Protein chains: 2
Amino acid sequence: MTRIAVDAMGGDRAPGAVVQGAVLAARELGVEVALVGQQAPIEAELARHSAKSLIEVISASEVVEMCESPSATLRKKDSSMRVAYDWMKQGKVDGIVSAGNSGAMMAIGMFVLGNLPSVDRPAILAVVPSIGKGTVIIDAGANVECKPRHLIQFAVMGSIYAEQVLGISRPKVGILSNGEEEAKGTELTRAASEQLRAGALNYIGYVEGRDIGTGNVDVVVCDGFVGNVALKTMEGTAFFIMKVLKESFQSGLPSRLGYLLSGRSLRQAYARLDYAEYGGAPLLGLNGVAIIAHGGSGPKAIKNAIRVARDTVAHNVNRHISEDLGKIVESSGEKLPKKVWQQIKSRIENFIEKPEPGEKDRNTKGDRES
Amino acid sequence: MTRIAVDAMGGDRAPGAVVQGAVLAARELGVEVALVGQQAPIEAELARHSAKSLIEVISASEVVEMCESPSATLRKKDSSMRVAYDWMKQGKVDGIVSAGNSGAMMAIGMFVLGNLPSVDRPAILAVVPSIGKGTVIIDAGANVECKPRHLIQFAVMGSIYAEQVLGISRPKVGILSNGEEEAKGTELTRAASEQLRAGALNYIGYVEGRDIGTGNVDVVVCDGFVGNVALKTMEGTAFFIMKVLKESFQSGLPSRLGYLLSGRSLRQAYARLDYAEYGGAPLLGLNGVAIIAHGGSGPKAIKNAIRVARDTVAHNVNRHISEDLGKIVESSGEKLPKKVWQQIKSRIENFIEKPEPGEKDRNTKGDRES
């Protein structure tokens, strides 16, 4: 059975909501869940849900605070986040989940696990609601300043995830820009776009903010600054619209009655729009499975983040990224002559340039053997 | 009476929707409207609305295409956009509106009118729906690569607009970033944030995408790439949510009945969320009043863009920007000792650094005397 360690101390509503979400997951998702953190409060919460025998508690004395700098968190060797990563590295669990400090998740993850071969920097992959199976945004916040080859790597990782986990055949990949014309965008997006155009992904060119969620594009590629702005703008807009609609339903008796009658379908619509349903965001590119849940996660969001961890493990996303990049092409269903196939494969491999030695943003630890 | 020239040939639905919007504005908004473009089709449309005597037609033989490069459009000396700008420059109209190529609006505007003193680059100011009087996003798409001083200028212009036109006293100004902590953001946002923090605007620090529309911030400052992504992401999210809700209301008899009962309040909610209600986006920083309407504008959006032009003229936004920057402080309602006041005033003036001579992005024409 897949085994997931959950950082019980991470998130605005930890440990209560985290423990509850872990219990839901253990009962509903067919996974084994372990909670990492301070034993006493975790066990008290487990007792409230009569789940002490259901979930193992892994003791960790320290807590990574939300506002701590990544370097400070690296020094806490017995934090719940660090211990979860250590268990991942030792192969005692298949994946980890935390709703805590996402900068620390990235830093500790790079320190403990290292990156997959040929990946320079892990990226946060978010799946947002859409007409269809969901839209991937990568990078949703991990890397603020990027080079073109990083965007290429994000595109490859995002495409593999959309195909393997979301089940989208030959995902449409686009670079997020301020207009569709090639002349638009920044130096970064233009350079990355040129390389992707020559490559083997199903690259459709620039896409705009308004394409997200329409199904026009399956994988939206951008740097982490822009991705974070887009993702949070979606959240804010959804919140605002729901608030306006709620007010309108409360204005007068006919509206209230109307709401009662439409209730069931409206609740279904809300569920489709509820970001908690989509759970956590994988930190792709690490040599292991780590899922970042929203800081404000409630039990349902934690449960769904555990589901994302389970699916990322089950679909061997990391093996696909590190070894089988060629699959992106094969899975398009086209039968290619072996020679063409080799050419395409080497072209994809060229996408993933080797990082220059001594590069500033390079992970200091070597890649872990897989 | 305020006189507005409208580019009848600009936009996906020109000239039909543009002429209809101009007629609505002339009838409802207490402004004099002139339409610029090819005489025959404009007059045919005017005849359909029995409005030939209501609106003057200014003849212009050429049309700026949506996909044309700014430099190509500059060569069309008899385009409807160019002629509208010429009339603005000659003082024959008080403002102009176009739903056409926004890059051309910017390029021709800088060429014909020049910038206001101390403004390096015009920026697109968009007002989006919010809990409250609306939220300003500046720059919403004009300048992809910015320096810190450009963001400072956008902040000052946005604050003046929010105060004068939207009637928000001492507007809260924030820089759009990927997190609220000072350490977040890019080199650009950190440098601009430090300067704004030392300044006299009501600067509240970094804001996130999810703050837009909540009323937490009145003026969201960003470069034009990020602003465009945020704005279009809002549009896309609103479209997606409305689509999901519409489907939910059509699923079964109780929902349909519910919709009928809630209809009136829902329509009010839709109107609050309808971007067309907010009309056009001023191109602030030009030495004149120019409003960019959405390319897909229908009659209502055109009418509202004309309303934005009228209000921008009526509130003397440009005079405030070029001469009365100090007003930002005075309007806070605080009585300041004259000496403190002078210090603050000179500090604000320092925000608006003079552009370096021979700078690449510098407008080639001199600033027009005002």
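Here the structure is shown first, and the text comes after it.
Everything numeric here is computed off the predicted structure, so don't read it as measured data. (Residues numbered from 1 in each chain as written. Chains lettered and ligands numbered in written order. Predicted model: local features only at pLDDT ≥ 70, side-chain atom pairs only at ≥ 80, totals over all residues. Heavy atoms only, no water.)

To continue, consider the nonpolar core. Counting residues in hydrophobic clusters, the biggest one holds 87 residues, and the most contacted among them are Tyr85 of chain A together with Tyr85 of chain B. Each residue touching tyrosine 85 of chain A, except ones within four places of it in the same chain, is listed here: Ile96, Met105, Ile108, Gly109, Val112, Leu113, Leu283, Leu286 and Ala290 of chain A. By size, the runner-up hydrophobic cluster in this structure holds 64 residues, among which are Ala99, Tyr203, Val289 and Ala309 of chain B. (Core = buried A, V, L, I, M, F, W, Y, C linked by side-chain atoms within 4.5 Å. Buried < 20%, exposed > 50% of the residue type's maximum accessible area, 1.4 Å probe, protein only. Contact = heavy atoms within 4.5 Å.)

The next thing to look at is unusual backbone geometry. Cis rather than trans, the peptide bond between isoleucine 138 of chain A and aspartate 139 of chain A has omega equal to 10°. By secondary structure assignment, the location of aspartate 139 of chain A is in the loop between β6 (135–138) and α6 (148–164). Residue serine 50 of chain A is not a glycine yet carries a positive backbone phi of 50°. Structurally, the position occupied by serine 50 of chain A is in the loop between α2 (39–48) and β3 (56–59). The backbone phi angle of asparagine 316 of chain B is positive, close to 50°, even though this residue is not glycine. Here asparagine 316 of chain B lies in the loop between α10 (299–314) and α11 (317–322). Overall, asparagine 316 of chain B belongs to the partly exposed group, its relative accessible area being 34%. (Helix = DSSP H or I, 4+ residues; strand = E, 2+ residues; numbered from the N terminus.)

What follows covers the relation of the copies chain A and chain B. Between chain A and chain B, the superposition needs a rotation of 180° and an axial shift of 0.0 Å, giving an RMSD of 0.0 Å. The transformation just described matches what one would write down for a two-fold rotation axis. Within chain A, the C-alpha atom positioned nearest to the axis of rotation is that of glycine 258 of chain A, 1.9 Å from it. Both copies contact each other with a shared surface, as 100% of the interface residues of chain A are interface residues in chain B too. (Least-squares fit on C-alpha atoms with pLDDT ≥ 70 in both.)

Below, the discussion takes up the side chain of asparagine 178 of chain A. Its place among the elements puts asparagine 178 of chain A in the loop between β7 (173–176) and α7 (187–197). Within the structure, the side chain of asparagine 178 of chain A is placed 3.1 Å from the side chain of serine 177 of chain A, a separation counted as a polar contact. At 2.9 Å, the side chain of asparagine 178 of chain A and the backbone nitrogen of glycine 185 of chain A are in polar contact. Those residues in contact with asparagine 178 of chain A that sit more than four places away from it in its chain are Lys184, Gly185 and Glu208 of chain A together with Val144, Phe225, Asn228 and Lys232 of chain B. (Polar contact = N/O pair within 3.5 Å; in protein donor to acceptor, adjacent residues only side chain to side chain.)

The next point concerns the sheet that holds strand β10 (residues 281–284) of chain B. Residues and elements named next belong to chain B. Across the sheet, 11 strands lie side by side as β3-β2-β1-β4-β11-β10-β5-β6-β9-β7-β8; this open sheet has mixed pairing. Since the sheet does not close on itself, it has two edges, and those belong to β3 (56–59) and β8 (203–207), each with one partner. Going from strand to strand, the sheet's axes swing by 25° on average, the running direction of each strand aside. The sheet contact formed by strand β7 (residues 173–176) and β8 spans four bridges and is parallel. By the bridge assignment, valine 173 is partnered in β8 with tyrosine 203. (Pairing = 2+ DSSP bridges. Axes fitted to C-alpha atoms, helices over the stretch in contact; angles between N-to-C directions.)

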